[in-house]
Amino acid sequence: MPGRLVVAVDGPAGAGKGAVCRFVAVKFHLQYLETGALYRAVALLSLRFGGLTEDPERLAGLARGMAFQYHPVKDRFIATLDGEDVTLALRDESVSMEASRVAALPAVRKALLDFQRGYGGDKNILLDGRDIGTVVFPEAQLKIFLTASVEERAKRRALELQERGETVSLPRVLEEMRLRDTRDRERAASPMLAAEDAVLVDTTSMTLAESQQRVAALITPALITPLMRG
Ligand code: DC
């Protein structure tokens, strides 16, 4: 990928990856892919076929064949699956849970690799996920591991659900967050891990605006040193 800048942002759920990445992608005109949405799209397909995690090869085939698009509309991003707008459906709790099962299947992870690696053609790209800096783009010029304490991440998630009008129990959100963290961290296939050369950004005591500025400050120098790339 000579010439283009690849920024990899990894970290657990609720660390602020989405809100931070949307902000810097728009600010620096980077082609952005939230790879969690890809896994969620496969999870949605699995659920629609009655649950396919017991048949990883069939699910991987569906993952390879799906037409997935992720594109900006103002400062939001819209996800479409085979032409259908699935942006909201992907956020459903049932999809979150299925996604963490789907993401543990090596055949599915392999099926999604080409899509991720080819994303954006020769444009500067920003991908967020769990294994971008370690597996998908180990050669990325800038790797960031965005994290926060599990208590803080659960608080943020509970607030987000409350704002959507849902009734939430913080202890339950915390428990689910811990469960997903454990699944993501302990699975054998591409576990969530900070790359050795990743810059660690702990957002526990940062506001969203502070997290966005911190990450923007890391991207600026990477964008203005194109001769060092390739
Ligand atoms: O970031 P998220 O909650 O939308 O991710 C959904 C699931 O997919 C989550 O269990 C982690 C998993 N995932 C992954 O294993 N690798 C990625 N690159 C992105 C997400």
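Residues numbered from 1 in each chain as written. Predicted model: local features only at pLDDT ≥ 70, side-chain atom pairs only at ≥ 80, totals over all residues. Heavy atoms only, no water.

## Examining empty space enclosed by the protein
Next up, step 1: On inspection of all chains with the given rule, the structure shows 1 cavity of 30 Å³ or more.
Next up, step 2: Reported here for the largest cavity is a volume of approximately 30 Å³.
Next up, step 3: Surrounding the largest cavity, Asp10, Gly133, Lys143, Ile144, Phe145, Leu193, Ala194, Ala195 and Ala198 form its lining.
Next up, step 4: The element contributing the most residues to the lining of the largest cavity is strand E7 (residues 142–147), with 3 residues. (1 Å grid on protein atoms, 1.4 Å probe; cavity = no way out; pocket = protein on both sides within 12 Å on 5 of 7 lines; lining within 4 Å. Points joined across faces, edges and corners; volume = space filled by probe spheres on them. Helix = DSSP H or I, 4+ residues; strand = E, 2+ residues; numbered from the N terminus.)

## A look at the sheet that holds strand E3 (residues 68–73)
Next up, step 1: Overall, antiparallel pairing links the 3 strands, which are arranged E3-E4-E5 in an open sheet. Only two strands of the sheet have a single partner each, and these edge strands are E3 and strand E5 (84–85).
Next up, step 2: Across 6 bridges, the pairing between E3 and strand E4 (residues 76–81) is antiparallel. Residue pairing in the sheet places His71 in a bridge with Ile78 of E4. (Pairing = 2+ DSSP bridges.)

## Describing the environment of Leu33
Next up, step 1: Relative to the elements of secondary structure, Leu33 occurs in strand E2 (residues 31–34).
Next up, step 2: On the basis of relative accessibility, which here comes to 0%, the residue Leu33 falls in the buried class. (Buried < 20%, exposed > 50% of the residue type's maximum accessible area, 1.4 Å probe, protein only.)

## A few points about the packing of helix H2 (residues 35–48) against helix H5 (residues 106–117)
Next up, step 1: Two elements in contact, H2 and H5, have axes whose closest approach is 11 Å; the angle formed by their N-to-C orientations is 130°. What the angle tells us is that H2 and H5 run oblique. Crossing handedness for the pair H2 and H5: right-handed. Between H2 and H5, the contacting residues are Thr35, Leu38, Tyr39 and Val42 on the first element and Val108, Arg109, Leu112, Phe115 and Gln116 on the second.
Next up, step 2: The residue makeup of the contact of H2 with H5, split by class, is 6 nonpolar, 2 polar and 1 charged. (Axes fitted to C-alpha atoms, helices over the stretch in contact; angles between N-to-C directions. Parallel < 35°, antiparallel > 145°, perpendicular 65-115°, else oblique. Left-handed = near helix turned anticlockwise from the far one by under 90°. Contact = heavy atoms within 4.5 Å. Nonpolar A, V, L, I, M, F, W, Y, C, P; charged D, E, K, R; others polar.)

## Quick word on the site of the ligand
Next up, step 1: Thr35, Arg40, Arg109, Arg130 and Arg187 are the nearest of the 14 residues found near the ligand.
Next up, step 2: With respect to the ligand, the side chain of Arg130 contributes an N or O atom lying 2.9 Å from an oxygen atom.
Next up, step 3: One of the side-chain nitrogen or oxygen atoms of Arg187 is found 2.8 Å away from an oxygen atom of the ligand.
Next up, step 4: Where the shell around the ligand is concerned, the elements lending two or more residues are H2, helix H4 (93–102) and helix H8 (170–186).
Next up, step 5: Among the residues forming the shell around the ligand, the class breakdown is 3 nonpolar, 4 polar and 7 charged. (Near = heavy atom within 4 Å. Polar contact = N/O pair within 3.5 Å; in protein donor to acceptor, adjacent residues only side chain to side chain.)

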